[in-house]
Amino acid sequence: MYDDYLTIALSKGTLLEPTLEVFKKLKLPGEGIDDKSRSMVFTYDKERVKYIMCRPTDVPTYVEQGAADLGIVGKDVIVEQARDVFEMVDLQYGYCRFVVAVPEAIKNIALKDLNYKRAATKFPVIAENFFRSQGLQVEIIKLHGNIELAPLMGLADMIVDLVSTGRTLKENRLVEFIKIMDSTTRLICNRVSYRTKHQQIQPLIENMQKLSTGGSA
Amino acid sequence: MKSRKISRGLRDLLPPELKVRRFMEEKAAALFASYAYEEVMTPTFEYLEVVEIGTGGNIREELFLFMDREGGILSLRPEMTTGIARLAATHLRDAVFPQRLYYLSNSFRYVQPHLAQYREFWQAGIELLGAEGVRADAEVITIAVKALQEMGLDNFKISLNQIAIFNSLLDESGLNREEKDCIRSLVENKDLVELSRVLESLDIDDELKETIAILPVLHGGIEVLDRLPYVEKNRRALAAVQELREVYETLQLCGVIDHIVVDMGVLRGLDYYTGTVFEGYSPELGYGLLGGGRYDHLLGKFGFPCPATGFALGMDRLALLLKHPALQEAPRYLVGGKDFAAVIAQAEELRKQGFAVEIDVEGKSRQELERKLEGRENCITGGLIYV
């Protein structure tokens, strides 16, 4: 589906508000955008820009397949899905980190003792790659939410999850054992759009870069 | 019920799709032949060690591997160029070079299947073996442009780069092997965020950092080459830039420059390509249509050092863009009648004239056949002849 609109896939939820703030500074349109409204496509004819509202995990898919030219999404999602997209700008906000967390009771355990233990996670790829890179064999148990519950109920010995403040861990008597990686929000780009819509995309990227490194757009 | 499953990422092709496919193949073959390229075929599978000479061993998880009965490890071919390089190093040692070869073939990769990406995919491609230099590069790129045009595509761009610019800058950066590999992999994975972070942490010339950081996103007309300050300090990179300018100028002579953009971001297969590289895109599809470039070291790995360049065009992807290809089909008749000898004679007569003829083999009456024809006017364009 080709048109001369620049289509940007936005992540619903916590990333939306800081994203719209950045867009405002870049003088991109933004009136009426709301992830609670029924509409999922927001079109601005004058500026030739379209936004589509997606679940964060769907953003890389839209961008990889060219249904969107650009996308705003967390590094965590990009790494987990390993999609073929350009990763252009670190927008700095939405910070969180991937950690291995263990129950308080075994917080002094050695890394090698995690061998042949079970880890519950929403991010099986990241978890698997991390343990492999450490030469460990860990059984990955994929869950879809409330990961902290798994060690409490004896389903897993540890978890691999995203943490921002660490409060949820504490409430469930888990402690951060080792950090796997940091994650912030990124601007990603379809590899063909980057070339065919270069005139529209390149200035936008440059402005975002200036903004995110502290300068003014 | 018998199983109707097929393996993931494969597909059946039905007559409407195959008509488009054959149309594309005929156009490609005719074009390649008009540039004096000749067709070759290589085996569908090769020894893994042969395949890995070409791919460098880093795509093993994309290969379909199996064993022969002597215990050798085999791979379905993931692309055509390696097999053709092996073929040339075996059979063409005494030939007069340059050799011009083309292929229309399927290859296999264990990729995540989706629209425009299948595990068995078809390519049309050429290899120009034994010719160094700008004119050979320009010939191959010109044929790539013309192939897309011949098949009826207008809206496309070919991105052009010279991989030695990036490679020379990196080679002479004073970085150790690990750092170089890290930068290469970030550039190939297009992780520009991490790239700029890694560059910042390295102890090298600031202008060089800036140049490496800007290369993957530098895009436009030939004038973008003026935006590479550090290149002046690197003799090999400077020579590569000069060569890129010459390829561009030669493509002007070839009359295809309207479709060419300079794009320093075409940085794939950094271990494999050695010079001019290019990729083709259409704004109507989120994936590349064709890719190619110069690979002067590959044949040497088969014991037959020989410069080479070529490209492969993804037929499955291109087919998605050809909505109304100019297919030429002979009008089709339906011939029926009580006297089967007369039916056969009539059908043969029409076939001799170049028409396609469907014979009624069920002995139906005129009324029955007329009813059968209803709704098939687009197919049986010649109509019914009842004898």
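Attention here is on the structure that accompanies the text. For every chain, the first residue of its written sequence is number 1, and the numbers climb from 1 along that sequence. Here the convention is simple: chains get letters from A, ligands get numbers from 1, in the order in which they are written. With the structure being a predicted model, the display of local features is reserved for residues of pLDDT at least 70 and the display and counting of side-chain atom pairs for 80 or more, all residues being used for whole-chain, interface and lining totals.

1. A look at the overall build of chain B
Heads up, the condition is: By the criteria applied, helices consist of DSSP H or I runs no shorter than four residues and strands consist of E runs no shorter than two, each listed in order from the N terminus. Three classes are used. A residue is buried when 20 or more other C-beta atoms lie within 10 Å of its own, exposed when 12 or fewer do, and partly exposed in between, with C-beta atoms placed from the backbone. Here, residue contact means that the backbone-derived C-beta atoms of the two residues sit within 7 Å.
Looking only at helices and strands, one finds 12 helices and 15 strands in chain B. Taking all 387 residues of chain B together, 38% fall into the buried category. The contacts in chain B between residues at least 6 apart in sequence include a share of 70% that link residues at least 24 apart.

2. Side note on the sheet that holds strand E3 (residues 49–54) of chain A
All names here are of chain A. Applied cut-off: The pairing criterion is simple: DSSP has to find at least two bridges between the two strands. Axis definition: a line fitted to C-alpha atoms, over the contacting stretch in the case of helices. Angles run 0 to 180 degrees between N-to-C directions.
The strand order across the open sheet formed by six strands is E2-E3-E1-E4-E11-E5, and the pairing between neighbours is mixed. Each edge of the sheet is formed by a strand with only one pairing partner; in this case those strands are strand E2 (41–44) and strand E5 (86–90). Here the strands of the sheet are splayed against their neighbours by 25° on average, with no regard to which way each runs. Bridge analysis of strand E1 (residues 6–11) against E3 gives six bridges, and the strand direction is parallel. Counted as the bridge partner of Ser11 is Cys54 from E3. Packing against the sheet, helix H8 (residues 198–212) makes contact with E1, strand E4 (70–74), E5 and strand E11 (185–189), and its axis sits at approximately 40° to E5.

3. Things to note about the pairing of strand E4 (residues 73–76) of chain B
In summary, the side chains of a regular strand alternate between the two faces of the sheet. Residues and elements named next belong to chain B. Sheet analysis places strand E2 (residues 45–47) next to E4, joined by three bridges and oriented antiparallel. Residue Tyr47 lies in a different strand from E4, and its bridge partner there is Leu74. In the sheet, strand E3 (residues 65–67) pairs with E4 via three bridges, with the strands oriented antiparallel. Counterpart to Met67 in the pairing with E4 is Ile73. A loop of five residues connects E3 with E4, the two strands running antiparallel in sequence, and Gly71 in this loop sits at a positive phi of about 95°.

4. A look at the packing of helix H4 (residues 134–150) of chain B against helix H9 (residues 235–253) of chain B
Residue and element names in this part refer to chain B. Rules: Relative orientations are named as follows: roughly parallel for angles under 35 degrees, roughly antiparallel for angles over 145 degrees, roughly perpendicular for angles from 65 to 115 degrees, and oblique for any other angle. Take the far helix as your reference; a near helix turned counterclockwise from it by less than a right angle gives a left-handed crossing, and one turned clockwise gives a right-handed crossing. Amino acids outside the nonpolar list (Ala, Val, Leu, Ile, Met, Phe, Trp, Tyr, Cys, Pro) and the charged list (Asp, Glu, Lys, Arg) are all regarded as polar, and Gly is one of them.
One way to put it is that H4 packs onto H9 with a least axis distance of 9 Å and a crossing angle of 50°. Here H4 is positioned oblique relative to H9, judged by the angle of their axes. In the crossing of H4 with H9, the sense of the turn from one axis to the other is right-handed. From H4, Val134, Arg135, Asp137, Ala138, Ile141 and Thr142 reach across to H9, where they touch Glu243, Glu246, Val247, Thr250 and Leu251. Class assignment of the residues belonging to the contact of H4 with H9 gives a composition of five nonpolar, two polar and four charged.

5. Looking at the nonpolar core
The test is simple: Here a nonpolar core is just a set of buried residues of the types Ala, Val, Leu, Ile, Met, Phe, Trp, Tyr and Cys, joined wherever their C-beta atoms sit within 7 Å.
Counting 114 residues, the largest nonpolar core has Ile188 and Cys189 of chain A as its most contacted members. Residue contributions to this core peak at nine residues, all from H4 of chain B. Excluding residues that lie within four positions of it along the chain, Ile188 of chain A makes contacts with Pro60, Val63, Leu70, Gly71, Val73, Ile78, Val85, Phe86, Glu87 and Met88 of chain A. Listed in part, the 22 residues of the second largest apolar core include Ala119, Ala120, Phe130 and Phe131 of chain A.

6. Description of the pairing of strand E8 (residues 139–142) of chain A
Residue and element names in this part refer to chain A. What counts, and what does not: Convention used here: a crossover is right-handed provided that the path from the first strand, over the helix, to the second strand proceeds clockwise when the strands point away from the viewer.
Taken together, the four bridges between strand E7 (residues 118–121) and E8 define a ladder with parallel strand orientation. Considered in E8, the bridge of Arg118 is made with Glu139. Crossover E7 to E8 through helix H4 (residues 124–133) is right-handed.

7. Examining the packing of helix H5 (residues 163–171) of chain B against H9 of chain B
All names here are of chain B. Where H5 contacts H9, the axes come no closer than 8 Å and their chain directions differ by 170°. As the angle between them shows, H5 and H9 are arranged roughly antiparallel. The segment H5 lies against H9, with Ala164, Ile165, Ser168 and Leu169 engaging Arg236, Ala237, Ala240 and Val241. Split by residue class, the contact of H5 with H9 holds six nonpolar, one polar and one charged.

8. Some details on unusual backbone geometry
The omega torsion of the bond from Phe97 of chain B to Pro98 of chain B falls at 0°, within 30 degrees of zero and hence cis. Relative to the helices and strands, Pro98 of chain B is located in the loop between helix H3 (81–91) and strand E5 (99–108). Although it is not a glycine, Ala82 of chain A sits at a positive phi angle of roughly 45°. For Ala82 of chain A, the location among the structural elements is in the loop between helix H3 (75–81) and E5. Positive phi outside glycine occurs at Gln92 of chain A, with the angle close to 75°. Here Gln92 of chain A lies in the loop between E5 and strand E6 (96–103).

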